[in-house]
Amino acid sequence: MAKLNVVGIGPGSLDYVTPAARKTVQNADVVIGAERSLRLFRKDIKGEAVALTAKNVPEILEYAAESVEKGKTVTLLSTGDPGFSGLLRSILKYTRGRDVEVNVVAGVSAIQACAARLCMCWDEMSLFSFHKGTTAEKKAQLSKAVKEGKDIMLLPDPKAFPPREIASFLVKAGLAKETPVFVCERLTLSDERVVESTLERVAALDFDALCVMVIKVNQKQEGEN
Ligand SMILES: C[S@@+](CC[C@H](N)C(=O)[O-])C[C@H]1O[C@@H](n2cnc3c(N)ncnc32)[C@H](O)[C@@H]1O
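Rules behind the numbers
- Residues numbered from 1 in each chain as written.
- Predicted model: local features only at pLDDT ≥ 70, side-chain atom pairs only at ≥ 80, totals over all residues.
- Heavy atoms only, no water.
- Helix = DSSP H or I, 4+ residues; strand = E, 2+ residues; numbered from the N terminus.
- Buried < 20%, exposed > 50% of the residue type's maximum accessible area, 1.4 Å probe, protein only.
- Polar contact = N/O pair within 3.5 Å; in protein donor to acceptor, adjacent residues only side chain to side chain.
- Contact = heavy atoms within 4.5 Å.
- Core = buried A, V, L, I, M, F, W, Y, C linked by side-chain atoms within 4.5 Å.
- Axes fitted to C-alpha atoms, helices over the stretch in contact; angles between N-to-C directions.
- Parallel < 35°, antiparallel > 145°, perpendicular 65-115°, else oblique.
- Left-handed = near helix turned anticlockwise from the far one by under 90°.
- Near = heavy atom within 4 Å.
- Areas by Shrake-Rupley, 256 points an atom, 1.4 Å probe, with all protein chains shown as cover.
- Domains from an automatic or database assignment.
- Salt bridge = Lys/Arg side-chain N within 4 Å of Asp/Glu carboxyl O.
- Pairing = 2+ DSSP bridges.

Caption draft 1: Molecular detail of the side chain of Ser 109. Tracing the backbone through its elements, the reader meets Ser 109 in the loop between strand E5 (101-105) and helix H5 (110-117). Exposure remark for Ser 109: the relative accessible area of 8% places this residue in the buried category. There is a polar contact of 3.1 Å between the side chain of Ser 109 and the backbone nitrogen of Ile 111. Sequence-distant contacts of Ser 109, that is, excluding residues within four places in its chain, are made with Pro 11, Gly 80, Asp 81 and Phe 84.

Caption draft 2: Representation of the nonpolar core. Core analysis: the biggest nonpolar cluster contains 22 residues, and Leu 142, Ile 152, Leu 154, Ile 166, Leu 170, Met 213 and Ile 215 have the highest contact counts within it. Looking at this core, the elements with two or more residues in it are helix H6 (136-147), strand E7 (152-155), helix H7 (163-172), strand E8 (180-185), helix H8 (199-202) and strand E10 (211-215). Look past the residues within four positions of Ile 215 in its chain and what remains in contact with it is Asp 151, Ile 152, Leu 154, Ile 166, Leu 170, Leu 175, Thr 179, Pro 180 and Val 181. Residues Val 6, Val 30, Ala 64 and Val 100 belong to the second largest nonpolar core, which totals 17 residues.

Caption draft 3: Structural view of the packing of H6 against H7. For the pair H6 and H7, interaxial distance at closest approach is 11 Å and the crossing angle is 60°. Considered as vectors, H6 and H7 are oriented oblique to each other. In terms of crossing hand, the pair formed by H6 and H7 is right-handed. Residues Lys 139, Leu 142, Ser 143 and Val 146 of H6 form the contact with H7, whose own contacting residues are Ile 166, Phe 169 and Leu 170.

Caption draft 4: Structural context of the site of the ligand. In the neighbourhood of the ligand, 18 residues make up the surrounding shell, with Phe 84, Ser 109, Ala 110, Leu 187 and Cys 211 lying closest. With respect to the ligand, the backbone of Phe 84 contributes an N or O atom lying 2.7 Å from a nitrogen atom. Between the ligand and the protein, one listed contact pairs an oxygen atom with a side-chain N or O atom of His 131 at 3.0 Å. Contact with the protein chains hides 92% of the accessible area of the ligand, taken as 570 Å² for the molecule alone. Three or more residues apiece are contributed to the shell around the ligand by two domains, here domain 1 (3-108) and domain 2 (111-215).

Caption draft 5: Quick peek at H5. Taken together, the buried positions of H5 are Ile 111, Ala 113, Cys 114 and Ala 115. The N-cap of H5, judged by a side-chain oxygen 3.1 Å from the amide nitrogen of Ile 111 a few residues on, is Ser 109. A positive phi of about 55° marks Cys 119, the residue just after H5.

Caption draft 6: Focus on the pattern of salt bridges. One pass over the full model with this rule turns up 11 salt bridges. Close ionic contact of Asp 191 with Arg 186 constitutes a salt bridge, the shortest N to O distance being 2.9 Å. Each of Glu 62, Glu 69 and Arg 98 takes part in one network of salt bridges that share partners.

Caption draft 7: Fine view of the sheet that holds E5. Spatially, E3-E2-E4-E1-E5 is the arrangement adopted by the 5 strands of the open sheet, whose pairing is parallel. Here the strands that pair on one side only, and so sit at the sheet edges, are strand E3 (48-51) and E5. Taking the axes of each pair of neighbouring strands and ignoring which way they run, one obtains an average angle of 20° across the sheet. By the bridge criterion, 5 bridges tie strand E1 (residues 3-8) to strand E4 (residues 74-78) in an arrangement that is parallel.

Caption draft 8: Region of interest: the pairing of E3. Of the pairings in the sheet, the one linking strand E2 (residues 30-33) to E3 comprises 4 bridges and is parallel in character. If you follow Val 31 over to E3, its bridge partner there is Ala 49.

Caption draft 9: Structural view of the pairing of E10. Counting buried positions along E10 gives 5 out of 5 residues, so the element sits mostly inside the fold. Side chains of E10 alternate between two faces, with Cys 211, Met 213 and Ile 215 and Val 212 and Val 214 buried alike. Where E7 and E10 come together, 3 bridges link them in antiparallel fashion. Bridging across to E10, Leu 154 finds its partner in Met 213. Here 5 bridges tie E8 to E10, and the two strands are oriented antiparallel to one another. Pairing of Val 183 across the sheet is with Met 213, part of E10.

If you want it as structure tokens, here you go:
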């Protein structure tokens, strides 16, 4: 059966594209992704390249599913890892109940790249993504995790809940203004930037839309018991 491959392509640098991702692209009849993602694979794409934009997602995901039903192998490029605020959730909606086998190829998430960049273990952190929208319920979950003393790593919502709004929200929720915060922008790219600051200062700053935010609620150093 032809497959619909959902491939994680890492945080942006070619150095973080896996050989498995490249092979899957090389073997595809149709490769779908944002312009920036397609550019990363320009030497590997042998089939049809289809650009995904903010405006054409429903049509293109339907085209992906239909192409597989017609016997074509389709590869969908998803930044980072497809399962963390990536394209996996959306494509599963289009393929549910259809004769389409979905195969996921893991990628390096911006979350992983951020933890590595800051030399932090992330197995005990609370992870949040506001990328697909910011609800009162999600904000309440964030404030609960903070009150429980958990370190937080999150993807902000670049428009509705950027780092400065998150910082203000957490100060209003009762977290100390001096709480350490890291904002990692454009990870793995040539203009990567890591800002180490506090909640109070971040509440007055703007950051690149491509960023991961870490709130160090727990003051223990890495490696300390
Ligand atoms: C649609 S989500 C995709 C997340 C992706 N699936 C992952 O696992 O990293 C896009 C968000 O991921 C984060 N992001 C993606 N690439 C990044 C990078 N190179 N540096 C910092 N943050 C990044 C930003 O918060 C961005 O708004």
